[in-house]
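Analysis of the macromolecular model
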6 protein chains.
Amino acid sequence: MSDLTRADGRTPEQMRAVTIERGWSEQAEGSALISFGRTKVLCTASFTPGVPRWLTGKGTGWVTAEYAMLPRSTNDRMQRESVRGKIGGRTHEISRLIGRSLRAVIDTKALGENTIVIDCDVLQADGGTRTASITGAYVALAEAISWARAEGHIAKKAQPLKDSVAAVSVGIVGGTPMSDLAYVEDSRAETDMNVVVTGSGDFVEVQGTAEGVPFNRAELDALLDLALASASELSELQRAVLSEAA
Amino acid sequence: MSDLTRADGRTPEQMRAVTIERGWSEQAEGSALISFGRTKVLCTASFTPGVPRWLTGKGTGWVTAEYAMLPRSTNDRMQRESVRGKIGGRTHEISRLIGRSLRAVIDTKALGENTIVIDCDVLQADGGTRTASITGAYVALAEAISWARAEGHIAKKAQPLKDSVAAVSVGIVGGTPMSDLAYVEDSRAETDMNVVVTGSGDFVEVQGTAEGVPFNRAELDALLDLALASASELSELQRAVLSEAA
Amino acid sequence: MSDLTRADGRTPEQMRAVTIERGWSEQAEGSALISFGRTKVLCTASFTPGVPRWLTGKGTGWVTAEYAMLPRSTNDRMQRESVRGKIGGRTHEISRLIGRSLRAVIDTKALGENTIVIDCDVLQADGGTRTASITGAYVALAEAISWARAEGHIAKKAQPLKDSVAAVSVGIVGGTPMSDLAYVEDSRAETDMNVVVTGSGDFVEVQGTAEGVPFNRAELDALLDLALASASELSELQRAVLSEAA
Amino acid sequence: MSDLTRADGRTPEQMRAVTIERGWSEQAEGSALISFGRTKVLCTASFTPGVPRWLTGKGTGWVTAEYAMLPRSTNDRMQRESVRGKIGGRTHEISRLIGRSLRAVIDTKALGENTIVIDCDVLQADGGTRTASITGAYVALAEAISWARAEGHIAKKAQPLKDSVAAVSVGIVGGTPMSDLAYVEDSRAETDMNVVVTGSGDFVEVQGTAEGVPFNRAELDALLDLALASASELSELQRAVLSEAA
Amino acid sequence: MSDLTRADGRTPEQMRAVTIERGWSEQAEGSALISFGRTKVLCTASFTPGVPRWLTGKGTGWVTAEYAMLPRSTNDRMQRESVRGKIGGRTHEISRLIGRSLRAVIDTKALGENTIVIDCDVLQADGGTRTASITGAYVALAEAISWARAEGHIAKKAQPLKDSVAAVSVGIVGGTPMSDLAYVEDSRAETDMNVVVTGSGDFVEVQGTAEGVPFNRAELDALLDLALASASELSELQRAVLSEAA
Amino acid sequence: MSDLTRADGRTPEQMRAVTIERGWSEQAEGSALISFGRTKVLCTASFTPGVPRWLTGKGTGWVTAEYAMLPRSTNDRMQRESVRGKIGGRTHEISRLIGRSLRAVIDTKALGENTIVIDCDVLQADGGTRTASITGAYVALAEAISWARAEGHIAKKAQPLKDSVAAVSVGIVGGTPMSDLAYVEDSRAETDMNVVVTGSGDFVEVQGTAEGVPFNRAELDALLDLALASASELSELQRAVLSEAA
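Residues numbered from 1 in each chain as written. Chains lettered and ligands numbered in written order. Predicted model: local features only at pLDDT ≥ 70, side-chain atom pairs only at ≥ 80, totals over all residues. Heavy atoms only, no water.

1. A short note on the UniProt feature "binding site: phosphate" (unreviewed entry) in chain A
Stated precisely, the cut-off is as follows: UniProt positions are given in the numbering used here, feature names are shortened, and annotations may be inferred rather than shown by experiment. The helix and strand labels rest on DSSP assignments: H or I over at least four residues marks a helix, E over at least two residues marks a strand, and numbering proceeds from the N terminus. Relative accessibility thresholds used throughout: buried, under 20% of the residue-type maximum; exposed, over 50%; partly exposed, between the two (1.4 Å probe, protein chains only). In this analysis, two residues are considered to be in contact whenever any of their non-hydrogen atoms come within 4.5 Å of each other.
Those places that UniProt annotates as "binding site: phosphate" (unreviewed entry) correspond, in this numbering, to A:R90, A:G128, A:T129 and A:R130. Despite a sequence span of 41 residues, these residues sit close together in the fold, their greatest C-alpha distance being 13.5 Å. Within the secondary structure, A:R90 sits in helix α2 (residues 89–103). Its relative accessible area of 30% is what places A:R90 among the partly exposed residues. Those residues within four positions of A:R90 in sequence are excluded, and the remaining contacts are A:Y67, A:M69, A:T129, A:R130 and B:R96. For A:G128, the location among the structural elements is in the loop between β5 (114–124) and α4 (129–150). Look at A:G128 and you get buried, because its relative accessible area is 16%. Residues in contact with A:G128, not counting those within four places in the same chain, are A:R16, A:T39 and A:L181.

Below, the structure is given as structure tokens:
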């Protein structure tokens with residue numbers, strides 16, 4: 001797409017090194033430690049038979065997510081939200097995004113009356129924490145569903161996962177559309193877009209924001225192209241990781 | 001686009017009746033009571049000379065927004081967030097969206113070291129409260145800037161407003177892309193998209209979410225077409241309202 | 001009582017223009033938008049079958065109220081209580097006053113095991129917000145009771161309303177007792193009194209406070225006379241408004 | 001007024017045994033342990049040179065008050081407000097009442113730029129906790145002012161106290177107006193009135209509430225008569241206690 | 001142990017005057033006002049039949065404790081924790097310590113499915129508030145258990161109290177081990193240790209902290225000797241107080 | 001001490017495998033990922049020039065610590081403290097313990113007016129999280145001090161670290177004193193003791209608690225012997241890790 005190179009030597013369309021370590025937690029029903037370059041997120045999935053009271057008896061399950069950052073995951077230490085006594089707007093917004101993204105690929109009927117809570121805790125942050133969270137959360141979720149099937153909480157033939165889901169941030173930096181923005185790129189991007197895509201290439205979420213100058217239809221199209229290509233790589237990696245023994 | 005009609009008789013591409021009453025508040029520096037059908041939002045702009053401490057001395061202004069719903073704006077009464085002692089995720093998310101949308105059309109240098117706080121309080125809710133809020137907030141903001149110029153807080157020649165901004169929700173309901181969803185439509189939409197557009201037709205925000213089935217590129221394109229057309233109508237109305245005497 | 005005139009041309013015993021718009025909300029079971037001059041309060045009544053757990057099975061209903069001000073209802077913007085994370089003393093005090101005033105004219109046995117929550121949200125504040133709230137809340141309450149009777153939640157012959165209730169603020173300003181104080185009057189009053197009176201002219205609440213100089217028995221008597229006269233006018237208006245078709 | 005006797009043998013116009021123990025706290029600048037029968041309140045006055053920022057440089061002082069109940073001051077244990085994480089409406093209302101009552105007899109100019117915080121902590125509650133608090137708070141306040149004069153924080157000739165202040169609850173119980181209601185009387189009173197009166201017999205606050213049946217003008221007058229008589233006794237006791245050596 | 005004398009004339013191993021006033025509260029099921037010199041703590045025990053939901057049906061009771069300080073118990077007024085909206089670390093820590101200490105001498109099976117909540121409210125603080133609280137709490141607890149047995153909530157032969165419990169603070173001040181530190185001693189101690197001891201002389205808690213210089217094994221041993229001796233005196237006093245008629 | 005073996009094959013006096021990975025975080029001034037068997041804690045040290053306002057100008061630095069657990073670090077998922085809106089008693093208590101332990105080996109004068117905040121976030125919990133936190137926190141602290149010296153924030157010759165510090169939990173399980181309890185051991189221990197020891201073998205904290213049966217002097221002595229031996233091993237490991245290149 002361009003022969004420009006970035007601070008870390010990547011081409012505009014290139015993602016950072018992505019690694020996913022399955023089963024990092026020895027206690028959770030599913031877990032993954034995912035890295036997008038220096039960004040590291042620990043994703044755990046907690047499976048509990050039963051659903052919240054307002055869902056009881058409807059024959060459907062529930063998947064929800066919570067996102068948080070360790071206070072010193074960032075370059076300057078942030079105050080803990082538990083100490084401030086309330087959760088900030090950005091945290092809420094990302095938690096809700098992760099939950100919606102996962103629910104888009106879950107068949108809650110097939111899940112049965114079971115609850116899965118995904119926790120995405122950012123251990124180190126260098127841009128793309130929400131997209132890494134979604135991508136890693138899917139792996140933890142898939143592990144937890146395998147566990148639940150093995151334990152008999154979910155019927156052998158039930159297929160609660162309709163598809164996989166991954167996410168990537170793309171943006172226009174210095175006039176050039178780029179994939180998987182690191183923090184320094186993100187902070188000077190003119191437009192920033194988080195795109196959540198299924199394994200079969202459809203959109204679950206498209207969240208584009210003009211940070212400086214509003215963007216036009218052609219720029220929007222270029223960003224979507226980039227996002228679909230990167231998301232496809234992530235889906236491939238998820239598949240590979242999940243096909244290994246845990 | 002379609003000859004389907006909706007519960008309230010509209011065609012898919014048709015917005016509800018939109019009205020904007022300028023200067024509704026006798027005490028705020030700017031205000032507008034905006035209706036999108038039964039959805040009614042009171043938008044006020046509070047102008048204060050000076051900026052928060054972290055901006056002092058940088059020669060730039062600050063615009064921020066807060067969104068809230070009256071407890072009985074909805075069909076069933078909700079608990080007040082002041083009573084629960086914390087602000088929910090959805091409220092935070094919408095407040096942040098309104099603020100970002102307004103800042104996209106503000107030249108903070110031209111605003112000078114002044115602060116404008118926009119409050120969008122939903123008096124009655126029937127879908128589209130966030131898009132009505134953004135559209136009304138722009139009118140309140142423009143009024144406050146006129147007031148500040150008249151009062152000498154902003155230089156006569158300064159143009160803090162680079163463009164206008166309006167927003168509309170579009171979605172796919174029963175397979176058909178539709179504009180300006182009412183609550184009953186929104187609650188059964190397969191895809192829901194909020195689009196924030198400048199007066200000159202560029203995007204400030206695109207937030208599309210698959211509620212049920214993920215959406216493909218062609219559906220995304222159809223929704224963007226609808227959104228641009230409706231936003232253009234809203235920009236026209238804003239212009240008309242602001243050209244009247246307050 | 002005096003031939004003094006006030007800033008807005010009223011005589012000491014004269015109230016501001018009072019208007020009550022019934023059924024302002026299309027979704028609440030009862031509602032009224034009430035104005036005392038520039039003071040505007042939106043009162044809604046939310047009817048729910050059933051009572052809180054601690055009342056279940058006692059055969060009596062429950063009426064409660066919550067009062068709040070929009071952040072820019074006042075001359076200077078106030079911080080939202082939801083943002084501060086707690087409700088201030090004044091808000092609590094007024095919410096409790098409204099609730100007590102309404103319960104004084106409710107026969108909770110006749111209401112049956114039903115709950116009515118009244119919300120009084122001040123859209124614009126120019127003194128007298130608590131008295132306008134009580135006066136408007138009664139109209140919303142009466143509407144909700146009519147609705148509940150029509151819907152069969154309350155027996156046809158049950159009379160949950162034993163009387164009507166209205167409220168007025170009176171005070172001594174510059175040595176002269178005056179009725180229905182506007183904000184500028186209230187802020188320089190020597191004594192400030194809120195009086196809640198039934199349609200039949202008995203007292204529900206008398207809350208008199210010396211802001212500067214303590215007041216003597218004769219002054220107290222003069223204020224009570226004024227309050228009873230103004231309250232009688234308000235009762236008349238409530239009756240007229242409620243006798244119209246909604 | 002009546003030859004009726006009450007559960008504890010008092011006549012309707014008779015107060016319970018009232019005792020005031022000055023200087024109960026060895027660390028506060030002023031303090032009093034006051035009892036109205038079984039109701040016991042520890043009142044302390046904390047004197048600090050200087051005023052809150054918003055008052056600095058105006059040459060006036062500040063007096064404020066906080067009221068609280070120990071969790072087992074009552075017959076059934078209440079949850080601590082510190083544990084619930086917020087202060088209830090009743091607590092706020094009484095704290096504000098105590099503060100207003102004291103400020104009514106303070107000349108803040110004569111106090112100079114000094115702050116006095118009064119704490120009224122109910123150790124045992126049997127009705128009348130707010131009136132006992134006000135009555136005891138005045139003694140603690142007077143002690144703190146003497147201390148401040150002795151320490152040179154207040155000029156020798158300054159007279160920050162313009163008058164004394166005391167309070168009593170009166171009410172109509174079973175049709176009979178009575179003074180200084182104990183808890184069992186208060187809980188079945190038709191009308192309950194708290195009256196705050198200066199040493200010279202003028203009103204600072206009159207707060208009358210119909211708990212059951214609204215009250216008429218004649219009943220109001222009878223209650224005010226009772227309140228003035230009891231308040232006069234309390235003023236006398238305050239004077240006596242303060243004339244003893246601390 | 002030493003012929004050094006302290007500011008208040010005590011020898012290093014000597015406690016301050018300790019008094020325990022049983023039944024101070026007329027409403028609680030058990031209570032004690034305890035003084036260690038100027039430190040005064042009001043301890044109440046609230047007995048309720050039944051246990052929290054998570055214990056129901058297990059045949060065991062529950063004992064818990066809450067500790068708090070009045071805002072002006074200290075030399076400088078502290079902000080109330082109810083006003084700050086959260087409970088500080090120190091308060092939590094001491095509440096938990098008191099609860100654990102009492103549970104160490106309770107046979108929860110013999111208590112049956114009953115709950116006892118102990119409140120320790122510091123009325124005046126001069127060091128040793130947590131140890132005075134534990135020592136007084138035991139007396140209130142014992143009273144409440146006697147009350148419950150008399151009322152038939154606990155079987156006549158049941159012995160919920162396996163032993164008594166008392167606590168003392170010891171420390172090294174200026175190189176000398178001392179018992180029952182007053183505030184001025186505590187604030188300059190090199191090592192501070194709170195020791196909770198049963199009536200039969202075993203340890204329930206040992207909490208030693210080096211404030212300045214770490215301490216060695218010999219110093220630790222000297223402090224434990226002192227603590228056991230003082231705790232023995234406190235046990236004796238508890239026994240004496242509880243053998244009197246309430 | 002005994003030939004008993006434990007569930008994981010250890011002898012009573014044997015610690016679990018302990019590993020310390022220095023510099024785990026690429027952004028903090030100091031960091032260590034420490035494991036005591038399955039217990040894993042990420043410790044970071046954030047260095048900031050300057051001190052809180054109340055310390056300014058006194059020439060001394062400040063070291064403080066915060067402890068938290070990831071919601072799924074435990075076997076069953078816990079609710080986040082940020083979601084509950086307040087920090088629990090146990091969290092506060094451990095944060096305070098870590099801070100005190102580190103301050104015991106810091107010369108705050110030599111640190112100069114600089115602040116170091118230590119965060120200990122438990123990624124996986126299997127008993128001993130507070131002792132692992134203290135032991136890892138020391139390594140992060142030492143790294144941050146080296147960094148600050150290299151950056152010139154601390155004088156080349158200043159020695160803010162007076163000694164090292166480590167901690168271990170010991171306890172009596174089934175009658176046998178054991179070192180470094182895993183969760184299953186800890187939960188059935190009769191006595192549980194956390195001991196914080198300097199590199200030179202003196203005590204900083206001794207916190208022993210009888211969970212079931214009170215403990216006697218001989219048992220206390222046996223536990224202290226065990227703790228000193230294990231702490232010595234930890235000190236050795238800290239020294240080794242810190243002597244490696246970061």
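Let us keep going from here.
2. A short note on helix α4 (residues 129–151) of chain D
Residue and element names in this part refer to chain D. Heads up, the rule is: To estimate the expected span of a helix, count its residues, drop one, and scale the result by 1.5 Å.
Over its 23 residues, α4 extends 32 Å from the first C-alpha to the last, a length consistent with the 33 Å expected when each residue adds 1.5 Å. Of all 23 residues in α4, 19 are buried; the element is thus mostly enclosed. Once α4 finishes, G152 follows within two positions and takes phi at roughly 85 degrees, a positive value.

3. Focus: the UniProt feature "domain: Exoribonuclease phosphorolytic" (unreviewed entry) in chain A
All names here are of chain A. Within this structure's numbering, the places UniProt gives as "domain: Exoribonuclease phosphorolytic" (unreviewed entry) are residues 14–144 and 164–229. Secondary structure content for residues 14–144 is 30% helix and 32% strand, while the C-alpha to C-alpha distance between its ends is 31 Å. Regarding residues 164–229, the helix share stands at 26% and the strand share at 44%, and the terminal C-alpha atoms are separated by 15 Å.

4. Thoughts on the interface of chain A and chain F
Note the following rule: A quick way to say it: buried area is the sum, across both parts, of accessible area lost when two parts are put together, with a 1.4 Å probe. Salt-bridge detection follows one rule: a side-chain nitrogen of Lys or Arg within 4 Å of a carboxyl oxygen of Asp or Glu. Side-chain classes follow a simple rule in which Ala, Val, Leu, Ile, Met, Phe, Trp, Tyr, Cys and Pro form the nonpolar group, Asp, Glu, Lys and Arg form the charged group, and the remainder, Gly included, forms the polar group.
In this complex, chain A contributes 35 residues to the contact, which on the side of chain F involves 35 residues. The largest contributions to the chain A side of the interface with chain F come from A:Q27, A:R72 and A:R80, which together make up 24% of the buried area. If you look at where chain A meets chain F, you find 14 salt bridges. A salt bridge links F:E66 to A:R77, with the nearest nitrogen and oxygen atoms 3.0 Å apart. Listing elements by their share of the side of chain A that touches chain F, those giving two or more residues are β3 (39–49), β4 (62–69), α1 (81–84) and β5 of chain A. Here the side of chain A that touches chain F is built from residues that sort into 14 nonpolar, 10 polar and 11 charged.

5. Regarding the pattern of salt bridges
In this structure the tally under the stated criterion is 120 salt bridges over all chains. The shortest N-O distance in the salt bridge between E:D119 and D:R80 comes to 2.8 Å. Of the two residues, E:D119 is situated in strand β5 (residues 114–124) and D:R80 in the loop between β4 (62–69) and α1 (81–84); the pairing between them involves two chains. By the burial criterion, E:D119 is buried, and D:R80 matches it. Each of A:R6, A:D8, A:R10, A:R16, A:D126, A:D180 and A:E185 takes part in one network of salt bridges that share partners.

6. Looking at the arrangement of the chains
Over all C-alpha pairs, chain B and chain E never come within contact, reaching a minimum spacing of 10 Å. Chain F makes no contact with chain C, the minimum C-alpha separation between the two being 10 Å.

7. Quick notes on the state of the cysteines
Applied cut-off: Cysteine sulfur pairs qualify as disulfides if the two atoms are within 2.5 Å.
A complete count under the given rule lists 0 disulfides over all chains for this structure. Between B:C120, a free cysteine, and B:C43, which holds the nearest cysteine sulfur, the sulfur-to-sulfur gap is 4.0 Å.

8. Things to note about the side chain of D:Q238
Residue and element names in this part refer to chain D. What counts here: Pairing of N or O atoms within 3.5 Å defines a polar contact, subject to two protein rules: one partner must be a possible hydrogen donor and the other a possible acceptor, and residues neighboring in sequence count only if both atoms are side-chain atoms.
By the element assignment, Q238 lies in helix α6 (residues 217–243). A distance of 2.9 Å separates a polar side-chain atom of Q238 from the backbone oxygen of V165. For Q238, the residues in contact, after removing those within four places along its chain, are I20, T135, Y138, V139, S164, V165 and A166.

9. Thoughts on the packing of α2(A) against helix α2 (residues 89–103) of chain B
The following threshold applies: The angle between two axes is taken between their N-to-C directions and runs from 0 to 180 degrees, where each axis is a line fitted to C-alpha atoms and a helix contributes only its stretch in contact. Here is the rule for angles: anything less than 35 degrees is roughly parallel, anything more than 145 is roughly antiparallel, 65 through 115 is roughly perpendicular, and the remaining ranges are oblique.
Interaxial distance between α2(A) and α2(B) falls to 8 Å at its minimum, and their mutual angle equals 110 degrees. Our classification of the angle between α2(A) and α2(B) gives roughly perpendicular. Between α2(A) and α2(B), the contacting residues are A:G89, A:R90, A:H92, A:E93, A:R96 and A:R100 on the first element and B:G89, B:R90, B:H92, B:E93, B:R96 and B:R100 on the second. Among the residues making up the contact of α2(A) with α2(B), the classes are represented as no nonpolar, 4 polar and 8 charged.

10. What about the relation of the copies chain A and chain F?
This is how the line gets drawn: Least squares is used to superpose the copies, and the fit set is the C-alpha atoms of residues whose pLDDT is at least 70 in both copies.
Rotating chain A by 180 degrees and moving it 0.0 Å along the rotation axis overlays it on chain F with an RMSD of 0.0 Å. Both copies are brought into coincidence by an operation consistent with a two-fold rotation axis. Relative to the rotation axis, the C-alpha of A:S82 is the closest in chain A, positioned 1.8 Å from it. The share of interface residues of chain A whose copies in chain F are also at the interface is 100%, consistent with both copies meeting through the same surface.

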